[in-house]
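# Summary of structural features
Each chain is listed here by its residues.
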Amino acid sequence: MASISLPAAPRRFKMYIGGQFTDGLSGEVCTRHSPGHSVPVAQWPQGCEADALQAIAQARQAFDHGPWPRMAAGERAALLFKVAGLIEAHAQEIGLIESLETGKPITQALGEIRAAADVWRFAAGAARVVKGDAHNNLGDRVLAMVLREPIGVVGLITPWNFPFFILAERLPFILAAGCTVVIKPSEATSGSTLRLCELLHGAGLPCGVVNAVTGLGDAVGQPLLDSGLIDMVSVTGSTGTGRKAILASAGNIKKLGLELGGKNPHIVFADACLDDAADGVAFAMAFNAGQCCVGASRLLVERPVAAEFTAKLAAKMARIRVGDPLDAQTQVGALFGQAHMEKVLGFIEQGVRMGAHIVCGGARTDHRDGYFVQPTLLTDVRADMPLMREEIFGPVLGAMAFDTFDEAIRLANDCEFGLSASIWTQDLSRALRASRQVRAGRVWVNTTLDNGPETPLGGMKQSGLGRETGLAGIEEYTELKTVHVNLQPRTHWID
Ligand code: NAD
């Protein structure tokens, strides 16, 4: 029994370009069905290239001639704090939008919106800390200054798995730096981004500073990658989309921030607290129905405890409450869509055909109104199986045993991605040695998926380029400019 009822009709949103809410030039509309209920819940314009070009022109104008990059950081901070308050005040409403469009549980969605407000507050405060440097040690003749300037117009391309939270990990940092922006949210989950634009407008953000265009990646995202009027593009999405950004940048040399896929290992050593580790691994593999870039997707367990640990883990996973995203008791909601669910089930079937053994889960649940898959644990897997190499983005975990520390590290690093890793052991020096040797942008020890706006996030290897959040997350959207000032009469080069 759902604690919140479904909307009677889909909610209608508009794009936001140059301070105006618009249906766009094509007149076409995109309708999103809730993946947990298969009913239409939201509509927004199916934008076209011309909409994207208009938005880019508005953001360029606002950066080159508008007040935002020129005002004191304290003034920008005041507006960002105001937005954080508005997000909190509208958390229930935005959380519902998010849950209906993504299929994630309502309680989780609400938590993400409140956490997003906290990220906005951090970025607001940090805006005032951004500064340059001075070199007073170059001799009496010269003083040099290093100015830190906003990079300019940013294209911000976001995915469907955490539409509002990922936006919060980037947008307020971009704004704190003094940049202007064109956002291209996922075509499937644009509602919370467009609702945020309404809040930004109400808070008094100058026209053109934030613009949002909706529609397909090729139609409205690619123009951001190709535009010579955009100085930097931040893409959070699949490695394939990251590659498109790199190809476009070969033509126009714009700066790229890329947050891409992951295939994240959890290493469980024999001395770990196995109950804690089992709980942590179950959470990390099933959170957001496994559609979490830093979620657990490869389990490496030290051989003497492998059987005991997988039994504990399977017992935990079997008790995860999968179901209606609008039910407050639900822990795991629906997968993003039918094709995605079939892809996830396909990895499981292929693994079984190649010799893997299902310990728990392995199939759809019986909630036939949506796309729900049981949290699935597979053993007897090999490192060369696709389910251990490719990003599945579903609640599926393959488990392998290892014999030595070096083997655990080799297996953990035997992967084209390097986004996150979790290490479970009670031996501090083993934990620190493993943390240093694993190639990943984020490492957790005896915990997982911990997060906070103070610390930077990002990936190594094919998981991406650059860092978001923390002070690094503002500096990412700035450029350094060096100014040399001569303080003495010139010694002439030509007599
Ligand atoms: P996706 O790559 O399909 O889409 C991401 C965004 O890129 C969407 O807005 C899409 O419309 C846009 N896009 C697609 N083609 C484009 C083009 N030609 N030009 C410009 N934009 C284009 O990814 P997704 O399926 O929405 O999200 C899931 C992926 O995101 C997973 O691979 C996941 O690991 C990754 N992800 C990474 C992080 C991270 O921080 N590293 C966080 C969340 C998600």
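Residues numbered from 1 in each chain as written. Predicted model: local features only at pLDDT ≥ 70, side-chain atom pairs only at ≥ 80, totals over all residues. Heavy atoms only, no water.

### Some remarks on the site of the ligand
Taken together, 28 residues lie near the ligand, and K184, E187, S238, T241 and E391 sit nearest. In the model, an oxygen atom of the ligand is placed 2.8 Å from a nitrogen or oxygen of the T158 main chain. Backbone polar atom of L260 to a nitrogen atom of the ligand: 2.7 Å apart, as the coordinates give it. Contact with the protein chains hides 91% of the accessible area of the ligand, taken as 850 Å² for the molecule alone. For the shell around the ligand, the elements supplying multiple residues, two or more each, are α8 (217-226) and α9 (239-252). The biggest single contributor to the shell around the ligand is α8, with five residues. Looking at the shell around the ligand, its residues break down into ten nonpolar, eleven polar and seven charged. Among the domains, domain 1 (11-260 + 463-481) and domain 2 (265-445) are the pair contributing at least three residues each to the shell around the ligand. (Near = heavy atom within 4 Å. Polar contact = N/O pair within 3.5 Å; in protein donor to acceptor, adjacent residues only side chain to side chain. Areas by Shrake-Rupley, 256 points an atom, 1.4 Å probe, with all protein chains shown as cover. Helix = DSSP H or I, 4+ residues; strand = E, 2+ residues; numbered from the N terminus. Nonpolar A, V, L, I, M, F, W, Y, C, P; charged D, E, K, R; others polar. Domains from an automatic or database assignment.)

### Focus: the sheet that holds strand β6 (residues 133-135)
If you trace the three strands from one edge of the open sheet to the other, you get β6-β7-β23, paired in antiparallel fashion. The outermost strands of the open sheet, each flanked by one partner alone, are β6 and β23 (478-486). In this sheet, neighbouring strand axes are inclined to one another by 20 degrees on average, regardless of whether the strands run parallel or antiparallel. Bridge count for strand β7 (residues 142-150) against β23 is nine bridges, and the pairing is antiparallel. (Pairing = 2+ DSSP bridges. Axes fitted to C-alpha atoms, helices over the stretch in contact; angles between N-to-C directions.)

### Notes on the side chain of R170
For R170, the position within the fold is in the loop between α5 (163-168) and α6 (171-177). Every residue in contact with R170, bar those within four places of it in the chain, is listed here: L156, S234, T236, E259, L457, E468 and Y477. (Contact = heavy atoms within 4.5 Å.)

### A short note on the nonpolar core
Core analysis: the largest hydrophobic core is formed by 126 residues, its most contacted members being W120, L171, V210, I267 and F309. Per-domain counts for this core show at least three residues from each of domain 1 (11-260 + 463-481) and domain 2 (265-445). Setting aside residues no more than four positions away along its own chain, V210 makes contact with Y16, L171, L175, V181, I183, C197, L200 and L205. Listed in part, the 22 residues of the second largest apolar core include A52, I56, I157 and A248. (Core = buried A, V, L, I, M, F, W, Y, C linked by side-chain atoms within 4.5 Å. Buried < 20%, exposed > 50% of the residue type's maximum accessible area, 1.4 Å probe, protein only.)

### Quick look at unusual backbone geometry
When glycine is set aside, most residues are seen to have a negative phi, and most peptide bonds are trans. Of note in this structure, K461 is not a glycine but carries a positive phi near 50 degrees. Looking at the secondary structure, you find K461 in strand β21 (residues 460-461).

### Considerations on the sheet that holds strand β4 (residues 29-33)
The strand order β1-β5-β4 describes an open sheet built from three strands, whose pairing is mixed. Pairing within the sheet leaves two strands with one partner each, and these edge strands are β1 (11-12) and β4. Seen against the sheet, helix α3 (residues 91-102) touches β1, β4 and β5 (40-45) and runs at an angle of roughly 100 degrees to β5.

### Remarks on the domain arrangement of the protein chain
For the protein chain, the assigned domains read domain 1 (11-260 + 463-481) and domain 2 (265-445). Taken residue by residue, the interface counts 24 residues in domain 1 and 28 residues in domain 2. Contact between domain 1 and domain 2 buries roughly 2100 Å² in total, counting both sides, with carbon and sulfur atoms accounting for 57%. By the criterion of area lost to domain 2, the three top residues of domain 1 are H37, W160 and S463, representing 26% of everything that side buries. The tally of links from domain 1 across to domain 2 stands at zero salt bridges. (Buried area = accessible area lost by both parts, 1.4 Å probe. Salt bridge = Lys/Arg side-chain N within 4 Å of Asp/Glu carboxyl O.)

### Quick word on the packing of aromatic side chains
Taken as a whole, this structure holds nine aromatic pairs when the rule is applied. With a centroid separation of 6.4 Å and 50 degrees between ring planes, the pair formed by F13 and W44 is classed as tilted. Of this pair, F13 sits in the loop between β1 and β2 (15-17) while W44 sits in strand β5; the two residues are 31 residues apart in sequence, bridging distant segments of the chain. Overall, F13 belongs to the buried group, its relative accessible area being 1%. Here W44 falls in the buried class, since its relative accessible area comes to 0%. With a centroid separation of 5.3 Å and 50 degrees between ring planes, the pair formed by F283 and F287 is classed as tilted. A network of ring pairs unites the aromatic residues W160, F336 and F393 as a single cluster. (Phe/Tyr/Trp six-rings, centres within 6.5 Å; stacked < 30°, edge-to-face > 60°.)

### A few points about the packing of α8 against α9
Here α8 crosses α9 at 40 degrees, and the two axes come no closer than 8 Å. In terms of axis orientation, α8 runs oblique to α9. Residues D218, Q222, L225 and D226 of α8 lie in contact with α9, whose contacting residues are K244, A245, A248 and N252. Looking at the contact of α8 with α9 residue by residue, the classes come out as three nonpolar, two polar and three charged. (Parallel < 35°, antiparallel > 145°, perpendicular 65-115°, else oblique.)

### Thoughts on the environment of L80
Structurally, L80 can be placed in helix α2 (residues 73-89). Exposure remark for L80: the relative accessible area of 0% places this residue in the buried category. For the pair L80 and L200, spaced 120 residues apart in sequence, the C-alpha to C-alpha distance is 8.9 Å. With sequence-adjacent residues up to four places away left out, L80 is seen in contact with W120, A124, P172, L175 and A176.

### Considering the environment of C415
One can find C415 in the loop between α14 (405-413) and β18 (417-418). With a relative accessible area of 11%, C415 lands in the buried category. Between the C-alpha atoms of C415 and A383, which are 32 residues apart in sequence, the distance is 9.2 Å. When neighbours within four sequence positions are excluded, C415 is seen to be in contact with K263, R298, R389 and K461.

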